[in-house]
Amino acid sequence: MHTLASCLRRLPPSCGPVRLVGVDGHAGSGKSTFTGQLAAALDAPVLHLDDIATHEELFAWTDRLLREVIAPLGRGESAHYRPYDWRTRTFAPARTLPPAPVLLVEGVGAGRRALRPHLGRLLWMEMPREEAWERGRSRDGEEQSAFWAGWMAAEQQHFAADPSRPYADLLVHQRPMGYQVVRGPAGTPGPDHEITDSDESTPLC
């Protein structure tokens, strides 16, 4: 994790003075846990897209994110956004995101077309869709089964129209002890973009 963190720190800024790093993947694929560990290694703030999405806008939040977060960061200013409370279905008081050297954007859709020009790197959690969804459903319990039914259809529709994985710079594999990070399909020829092993002699960044 510290090797990856060092790599990301050396990137040129991608959004004003900020090195914006996206962590995308299917719901339930472990994005939040991985991002939390990476944020600790970087001492970097995290924007969780679960705080941006709402029941009414599972994926139609692009304009709000660009306006409230990306635009001010691009000017070197702090961003202010109101996180959504999924239980009360209301917006909480505003939070501040400083224009830190590295800032992580974590969530389904972090690698969407409208955000990629602002990202220094895009990471994709490499886990099959059905496995990730099963993990997510088990985590959230039976009381969230109706929400998951709607979510799975919405996520599938989103990635069909605006896929992230083909543009990922790095793929993150969860292992029994930690993570393996390998080169992603971005810029790699071939229709399937399969990655089978890492090249330890080649810097990831």
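Residues numbered from 1 in each chain as written. Predicted model: local features only at pLDDT ≥ 70, side-chain atom pairs only at ≥ 80, totals over all residues. Heavy atoms only, no water.

Comments concerning the overall build of the protein chain
Formally: Only DSSP runs of H or I reaching four residues or more are called helices, and only runs of E reaching two or more are called strands; each is numbered from the N terminus. We compute the radius of gyration over the C-alpha atoms and compare it with the globule rule, which gives 2.2 Å times the number of residues raised to the power 0.38. Working definition: with a 1.4 Å probe on protein chains only, accessible area under 20% of the residue-type maximum means buried, over 50% means exposed, and in between means partly exposed. Any two residues having at least one pair of non-hydrogen atoms within 4.5 Å are treated as being in contact. Per-residue accessibility takes into account occlusion by the displayed protein chains alone, with areas from the Shrake-Rupley method and a 1.4 Å probe. We score Asp and Glu as negative and Lys and Arg as positive, and we do not count His or the chain ends. A single reference atom marks each charge: NZ on Lys, CZ on Arg, CG on Asp, CD on Glu.
Looking only at helices and strands, the protein chain features 5 helices and 10 strands. Scaling as 2.2 N^0.38, a compact globule of 205 residues should have a C-alpha radius of gyration of about 17 Å, and the protein chain matches this with 17 Å. Each of the three principal axes of the protein chain carries a C-alpha extent, and together these read 50 × 40 × 30 Å. For the protein chain, the proportion of its 205 residues judged to be buried stands at 46%. Put simply, of all contacts in the protein chain between residues at least 6 apart along the chain, 68% involve residues at least 24 apart. Accessible surface, the protein chain: about 10,400 Å² in total, of which carbon and sulfur atoms supply 52%. The distance from the centre of the 22 positive side-chain charges to the centre of the 26 negative ones in the protein chain is 5 Å.

Here's the deal with the packing of aromatic side chains
The condition is simple: Stacked, edge-to-face and tilted are the three classes for Phe, Tyr and Trp ring pairs, Trp counted by its six-membered ring, which pair at centre distances within 6.5 Å; planes under 30 degrees apart are stacked, over 60 edge-to-face, the rest tilted. Two limits define a charge over a ring: the Lys NZ or Arg CZ must be within 6 Å of the ring centre, and within 35 degrees of the ring normal.
This model, assessed by the stated rule, comprises 7 aromatic pairs. Note on Tyr 84 and Trp 86: the rings are 5.1 Å apart at their centroids and 85° apart in plane angle, and the pair reads as edge-to-face. Of the residues examined, Trp 86 reaches a relative accessible area of 26% and is grouped as partly exposed. Arranged with centres 5.4 Å apart and planes meeting at 75°, the rings of Trp 124 and Phe 159 form a pair that is edge-to-face. A residue pair is termed long-range when its members are at least 10 positions apart, and Trp 124 in strand S8 (residues 121-125) and Phe 159 in helix H5 (residues 145-161) qualify at 35 residues. An aromatic cluster is present here, built from Phe 59, Tyr 84, Trp 86, Phe 91, Phe 147 and Trp 151 joined pairwise through their rings. Here Arg 116 stacks its cationic end above the ring of Tyr 167, 3.7 Å away from the centre of that ring.

Here we look at the pairing of strand S9 (residues 170-175)
Which entries qualify depends on this criterion: Think of it this way: DSSP has to see at least two bridges between two strands before they count as a pair.
Relative to S9, S8 is paired through 3 bridges, and the arrangement is parallel. Paired with Trp 124 across the strands is Leu 171, a residue of S9. Here S9 runs beside strand S10 (residues 178-183); their pairing, made up of 6 bridges, is antiparallel. By the bridge assignment, Leu 171 is partnered in S10 with Val 182. Hairpin connection from S9 to S10: 2 residues lie between these consecutive antiparallel strands.

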